[in-house]
Every structure is written in structure tokens, then in C-alpha cells.
Amino acid sequence: MNLTLKIWRQKDSNSKGQMVDYKVTDISEHMSFLEMMDVLNEQLVNSSEEPVAFDHDCREGICGMCSMYINGEAHGPDRGVTTCQLHMRMFKDGDTITIEPFRAAAFPVIKDLVVDRSSFERIQQAGGYISVNTSGNTQDANAIPISKHAADEAMDAATCIGCGACVATCKNSSAMLFVGAKVSQYALLPQGQIEAADRVKNMVAQMDLEGFGNCTNTGACEIECPKGISLENIARMNRELMKASLK
Ligand code: SF4
Ligand code: FES
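Computed from a predicted model, the values in this text were never measured in an experiment.

Reading guide: rules and limits
- Residues numbered from 1 in each chain as written.
- Chains lettered and ligands numbered in written order.
- Predicted model: local features only at pLDDT ≥ 70, side-chain atom pairs only at ≥ 80, totals over all residues.
- Heavy atoms only, no water.
- Helix = DSSP H or I, 4+ residues; strand = E, 2+ residues; numbered from the N terminus.
- Buried < 20%, exposed > 50% of the residue type's maximum accessible area, 1.4 Å probe, protein only.
- Contact = heavy atoms within 4.5 Å.
- Pairing = 2+ DSSP bridges.
- Near = heavy atom within 4 Å.
- Nonpolar A, V, L, I, M, F, W, Y, C, P; charged D, E, K, R; others polar.

K.L.:
Please provide a residue-by-residue account of the side chain of Q206, values included.
P.N.:
On the secondary structure map, Q206 appears in helix α6 (residues 196-209). Taking the relative accessible area as the measure of exposure, Q206 reaches 19% and is therefore buried. Dropping the residues within four chain positions of it, Q206 is found in contact with R122, I123 and A126.

Right under this line is the structure:
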């Protein structure tokens, strides 16, 4: 496949960015999208040009680093996959592909396609943990009865990889799908009950402080989420917040 790439280039957070056109040739349909980007960067390095900066780590859909907006969609045109799992067979020979960073006020661009998502880390630090007795009297987790339904729902919420696609997709740059998942994974389990009220209040307060917008129920985040995190998690977070504020 021969492709034209229109890529957002930005030297650093203080510089103005612009779209720049590149050509790549002989791209195999079996390559992943990041492998195609590697081919472009090799080409740029060989011609003494600055390679395109993009985030990646696991390259298997686990770490949530590969945040790219491809042809107007977070993680590109496929469903239930991250950019690193997106295959070039989703595109056709001669296609023009537009590649931009995730855009949100709370995700400032650091360079090219790399954005600063440390706002997510600060939300996690505000309450995304549980207290466990590690004094030697730790209770065996398997000795705590949990219904299959609650365990499955908690596990589904815990599959959120913190990629930020929900924020990039939302017209309000809302982080409520992410925060809803992080609150839900503990709210559904007995281990999460000790800090439950403080957790939801602190995480929502930090989310607002970071400048994320509110949810207006358009549901775009759920469609673009590579892990299929359900909007039910936002509803659960709102219920948890209501309960916490009545205490
Ligand atoms: S909810 Fe989905 S889209 Fe949002 S950060 Fe988690 S995995 Fe990514
Ligand atoms: S590089 Fe880890 S999820 Fe894509």
C-alpha cells in the first residue's frame, strides 16, 4: 500500500503546531498502525529529518499509551482496539490518513502526537486505591464472598487502561467514563467500602480541578472506548457521589 499521511507536528508545548504531509510506500496490510509509523520514522531519520514523536509501550492493548486521533476517531476506524492493535488492512492503497494528538485542555500537547495525561494520574492518586492490612494478619482475598455478578462487573470496570480516548472523543472533554470505571471497580467490591465515600468525592473533585468537562450523555465515549467500558459506570459514579454527599 502507498499512503499519504497528514500528521500534526508541534515542536513543544509552547510552539504552534501544523499539519504536515508525508508519503509512505510498500506498507503491508499485516502491519500494525504503529509499525507503519515506525516505517515513516525510519524514512525521516534516513533523510536527516526529525522523526514524529508518539507514545507507545506495550504494543498489545494493555498500557493505554498509544493515544492518536486517526481520521477523526480516537484509536482509528476499528472498534474495541487501541492504535497499536489497529491493522493497516483497515485502510486502502492510495488512502490519505489524518493523524492528530488527543485534543483536550486537560491533555496538553508535549510534542507532535504526545500529550500529557498526568491529570489522569492525579485523579487516581486522589482515591484510586484501597486500604489493605499488611501487618501479617492480611485476610485471604478468596475468603471474602463476592457474588459472581459483582465480580464480573468490577472486572469489566477494571479493564479501563486509562488511554484517554473517552476524553478525546467527548465534545465536552469529559473524563467521566474513566473516573466512573475507576470508582466502580472498587464500589462493587467489599474491599472498596472503607474509603468509598471519600474516594468518589475526592476523585470527582480532582477531575473538576483538572479542567475536564461534564457528561451530557451523548455516549460517544462508550463507542470509542477500546475496552468497551459501559456508560453504566458513569451512572454508578453519580449514585456513589449522591450517597457520599448525604453522609
Ligand atoms: S474508559 Fe475506555 S477510553 Fe476511557 S480511559 Fe478507560 S479504556 Fe480509555
Ligand atoms: S502501546 Fe500499549 S496500549 Fe497501545
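K.L.:
Which residues make up the pairing of strand β5 (residues 96-100), and what values go with them?
P.N.:
Bridge count for strand β1 (residues 3-9) against β5 is four bridges, and the pairing is parallel. Across the sheet, I7 pairs through a bridge with I99, a residue of β5. As paired strands, strand β3 (residues 69-70) and β5 are joined by two bridges and run antiparallel to one another. By the bridge assignment, Y69 is partnered in β5 with E100.

K.L.:
Just give me the short version of the site of ligand 1, but keep the residues and values in it.
P.N.:
The local shell around ligand 1 holds 13 residues, among which C160, C163, G164, C166 and C225 are the closest. Among the residues forming the shell around ligand 1, the class breakdown is 11 nonpolar, two polar and no charged.

Any functional reading would require information that these geometric values do not contain.
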